[in-house]
Amino acid sequence: NISNGDYKIELEFDNNYKRELDEFISGGERSAIALTLRIAMSLVMQNKLNLLVLDEPTHNLDKKSISFLSDLFSQYLPKFVEQIFVITHDINLENNAKNIIYVERNKDLDSATEINIK
């Protein structure tokens, strides 16, 4: 539902009763819906994406949702996206990754950033 330049995501039930999703979903569910909508809107504008960049997409997600997201990245999205670049601290996303680049820096020693490719 869009009104006055703002949008609301609503569920409509059989009896024409509408309820905003924000009223009863968790933060993780909100994150998952927001990510889904962004990807869906991108695919509407371009049926095949060259690159999808996601920064910390697992924020607020539980383990089950992270596992589903990881499967989505490896099994379903490659049909629509040529390259998926994920920036994360979540070790669980590594399971289905083809290439992993670690960027590390010891802040205590004020050392330079090191890049390791695995």
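Residues numbered from 1 in each chain as written. Predicted model: local features only at pLDDT ≥ 70, side-chain atom pairs only at ≥ 80, totals over all residues. Heavy atoms only, no water.

### Describing the overall build of the protein
1) Next: What the protein contains, in helices and strands, is two helices and eight strands.
2) Next: Going from the N terminus to the C terminus, the protein shows its helices and strands as β-β-β-β-α-β-α-β-β-β.
3) Next: Its C-alpha radius of gyration of 18 Å places the protein more than 25% over the 13 Å reference for a compact globule of 118 residues.
4) Next: By its C-alpha atoms, the protein is 60 × 35 × 30 Å across when sized along the principal axes.
5) Next: Residues classed as buried in the protein amount to 17% of the 118 residues present. (Helix = DSSP H or I, 4+ residues; strand = E, 2+ residues; numbered from the N terminus. Rg over C-alpha atoms; globule rule 2.2 N^0.38 Å. Buried < 20%, exposed > 50% of the residue type's maximum accessible area, 1.4 Å probe, protein only.)

### A look at the side chain of Asp 90
1) Next: Locating Asp 90 in the fold gives a position in the loop between β6 (81-87) and β7 (101-104).
2) Next: Despite being buried, Asp 90 has no salt bridge partner; Lys 63 is the closest side chain of opposite charge, sitting 9.1 Å away. (Lys, Arg positive; Asp, Glu negative; His and termini not counted. Salt bridge = Lys/Arg side-chain N within 4 Å of Asp/Glu carboxyl O.)

### Thoughts on the environment of Asn 60
1) Next: By the secondary structure assignment, Asn 60 is in the loop between β5 (49-55) and α2 (63-76).
2) Next: A sequence separation of 15 residues divides Asn 60 from Gln 75, and the C-alpha atoms of the two residues are 22 Å apart.
3) Next: Apart from residues lying up to four places away in sequence, Asn 60 is in contact with Gly 27, Gly 28 and Ser 31. (Contact = heavy atoms within 4.5 Å.)

### Focus on the pattern of salt bridges
1) Next: What the rule picks out here adds up to one salt bridge.
2) Next: The salt bridge involving Asp 110 is made with Arg 105; its shortest N-O contact spans 2.8 Å.
3) Next: Looking at Arg 105, the relative accessible area reads 41%, which means it is partly exposed.

### Notes on unusual backbone geometry
If a residue is not glycine, its phi is most likely negative; likewise, a peptide bond is most likely trans.
1) Next: In this structure, Glu 56 is a non-glycine residue whose phi angle is positive, near 55°.
2) Next: Look at Glu 56 and you get partly exposed, because its relative accessible area is 26%.
3) Next: Backbone geometry places Asp 110, a non-glycine residue, at a positive phi of 55°.
4) Next: With respect to the secondary-structure elements, Asp 110 resides in the loop between β7 and β8 (114-117).

### What to know about the nonpolar core
1) Next: Leu 35, Ile 39, Leu 49, Leu 52, Leu 54, Leu 61, Ile 66, Leu 69, Phe 73, Leu 77, Val 81 and Leu 93 form the largest nonpolar core, which has twelve residues in total.
2) Next: Among residues more than four places away in sequence, those in contact with Leu 52 are Ile 39, Leu 77, Val 81, Gln 83, Ile 84 and Phe 85. (Core = buried A, V, L, I, M, F, W, Y, C linked by side-chain atoms within 4.5 Å.)

### What to know about the side chain of Thr 58
1) Next: Position of Thr 58 relative to the elements: it lies in the loop between β5 and α2.
2) Next: Of the residues examined, Thr 58 reaches a relative accessible area of 8% and is grouped as buried.
3) Next: If near-sequence neighbours (up to four positions away) are discounted, Thr 58 is found in contact with Ile 66, Leu 69, Thr 88, Asp 90 and Leu 93.

Take it as geometry only, folks, not as evidence of what the structure does.
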